[in-house]
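Residues per chain, in single letters:
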Amino acid sequence: MKKLVLGLFALVMTLAFCAVPANAATSKKKKKETKKEEKKETKKAESHSMSAPKHYLSGTNTWGRSGLLFGDTADVAALRTIEGSAHLLYSSPVSGVNNFGIPFGGHFGIADNVELSAAGDLELQSATGYSSSIFLLDLGGKYKFHTKNENLGLALGGDVLIPTSGGGSAIVTPRGVVSYTLPSGMLVNGDMGIHISSATYVSVDAGLGYPFSNNFTGMVEIGANQNGNGGSVLGAGFRAGADQFKFQGLLGIPLNGGGVVIGGGIILASK
């Protein structure tokens, strides 16, 4: 009986020692497979992050309305939010006269897809023995249509430009805007306005906003009279920053006379 018990004990110990290496091998195999799966998931996440499209960094034009540099875009401020900007612009001398502009303004969301805007522009001229100034006030609004395509933006609006000093007539401008965002994140934009005053004229602006990253966008525009009657400009610039604070710089080359415009500004937005 004693021999039988010892024999069974020896058999159990032998089986146990054989099972340990097998279990160890199985455990190592499972660990390797788990690490492989983790690496695959990490690579998938990195690939998705790299392939995710960048987005155009929105902001304001020099009048404080949603726009590129000079023209408007179809964006409006969200309900009860405000976005504003202030710029300093310099135009190269024409006939010995230096021109400075200090435009500032903002737009405020008062309802779903409806905003109001207000802006001011102090224009200064100086030359040897001569100086003058004019202040312009601009009041307007915009409605953005609901569209089935989330990449397409359509808006109608308008503004009234009122010279408060230095003479001149008020200008009433109804305006239509279309914006489209491509899969790459690039914004394609166009707007047209009819400026009604003692000398009525039409303005047209076409532009692109290309996101080099989510925090840096390059912009280019070309248009007729988009910077005032006779102020046709080829513009280029950039916008950098985050949602609530941005900086932009611009260069405007006149297409029908006038000085080269250079300047920059800051854009601030509420949450």
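Residues numbered from 1 in each chain as written. Predicted model: local features only at pLDDT ≥ 70, side-chain atom pairs only at ≥ 80, totals over all residues. Heavy atoms only, no water.

### What to know about the nonpolar core
Phase 1: If you look at the biggest cluster of nonpolar residues, it comprises ten residues: Tyr56, Leu68, Leu69, Phe70, Leu89, Leu187, Met219, Val233, Leu250 and Val261.
Phase 2: For Met219, the residues in contact, after removing those within four places along its chain, are Leu68, Leu69, Leu208, Gly209, Gly235, Ala236, Gly237, Phe238, Arg239 and Gln248. (Core = buried A, V, L, I, M, F, W, Y, C linked by side-chain atoms within 4.5 Å. Buried < 20%, exposed > 50% of the residue type's maximum accessible area, 1.4 Å probe, protein only. Contact = heavy atoms within 4.5 Å.)

### Quick word on the packing of aromatic side chains
Phase 1: The final tally for this structure, using the stated rule, is seven aromatic pairs.
Phase 2: Between Phe216 and Phe238, the ring centres sit 5.8 Å apart and the planes meet at 15°, which makes this aromatic pair stacked. Of this pair, Phe216 sits in strand β9 (residues 216-224) while Phe238 is found in strand β10 (residues 233-241), placing the two residues 22 residues apart along the sequence.
Phase 3: Taking relative accessible area as the criterion, Phe238 reaches 30% and is therefore assigned partly exposed.
Phase 4: Members of the aromatic cluster, connected to one another through ring pairs, are Tyr210, Phe212, Phe216, Phe238 and Phe247. (Phe/Tyr/Trp six-rings, centres within 6.5 Å; stacked < 30°, edge-to-face > 60°. Helix = DSSP H or I, 4+ residues; strand = E, 2+ residues; numbered from the N terminus.)

### Some points on unusual backbone geometry
Phase 1: Backbone geometry at Ser95 places phi at a positive 55°, although glycine is not the residue there.
Phase 2: Structurally, Ser95 can be placed in the loop between β1 (82-94) and β2 (97-111).

### As for the pattern of salt bridges
Phase 1: Enumeration over the complete set of coordinates arrives at six salt bridges.
Phase 2: Between Arg65 and Asp138 there is a salt bridge; the shortest N-O distance is 3.1 Å. Placement of Arg65 in the loop between α1 (2-51) and β1 and of Asp138 in strand β4 (residues 130-144) is noted, with a sequence separation of 73 residues between them.
Phase 3: The exposure class assigned to Arg65 is buried, which follows from its relative accessible area of 7%.
Phase 4: The class of Asp138 is buried, set by a relative accessible area of 3%.
Phase 5: A salt bridge links Lys144 to Asp75, with the nearest nitrogen and oxygen atoms 3.7 Å apart. With a gap of 69 residues between them, Lys144 in strand β4 and Asp75 in the loop between α1 and β1 connect regions that are remote in the sequence. (Salt bridge = Lys/Arg side-chain N within 4 Å of Asp/Glu carboxyl O.)

### So, the sheet that holds β10
Phase 1: Strand order in this closed barrel of twelve strands is β1-β2-β3-β4-β5-β6-β7-β8-β9-β10-β11-β12, and the pairing throughout is antiparallel. Recorded for the sheet is a direction-independent mean angle of 20° between the axes of neighbouring strands. (Pairing = 2+ DSSP bridges. Axes fitted to C-alpha atoms, helices over the stretch in contact; angles between N-to-C directions.)

### Description of a nonpolar patch on the surface
Phase 1: A contiguous nonpolar patch, built from Tyr180, Val188, Leu208, Val220, Ile222, Leu234, Leu251, Ile253, Leu255, Val260 and Ile262 and spanning about 830 Å² of accessible area, is present on the exposed surface.
Phase 2: Counting only elements with at least two residues in the nonpolar patch, the list comes to β9 and β11 (245-254).
Phase 3: Tracing the backbone shows Ile222 in strand β9. (Patch = residues over 30% accessible without salt bridge, like charges linked within 9 Å, V, L, I, M, F, W, Y side chains within 5 Å. Areas by Shrake-Rupley, 256 points an atom, 1.4 Å probe, with all protein chains shown as cover.)

### A word on the pairing of strand β8 (residues 201-213)
Phase 1: Sheet analysis places strand β7 (residues 187-195) next to β8, joined by nine bridges and oriented antiparallel. Pairing of Gly193 across the sheet is with Ser203, part of β8.
Phase 2: Counted between consecutive antiparallel strands, the loop separating β7 from β8 contains five residues.
Phase 3: When β8 meets β9, the two strands line up antiparallel, connected through nine bridges. Each residue of the ladder has a partner; that of Ser213, found in β9, is Phe216.
Phase 4: Following β8, the chain reverses through two residues before pairing antiparallel with β9.

Just geometry here; none of it tells us what the structure is for.
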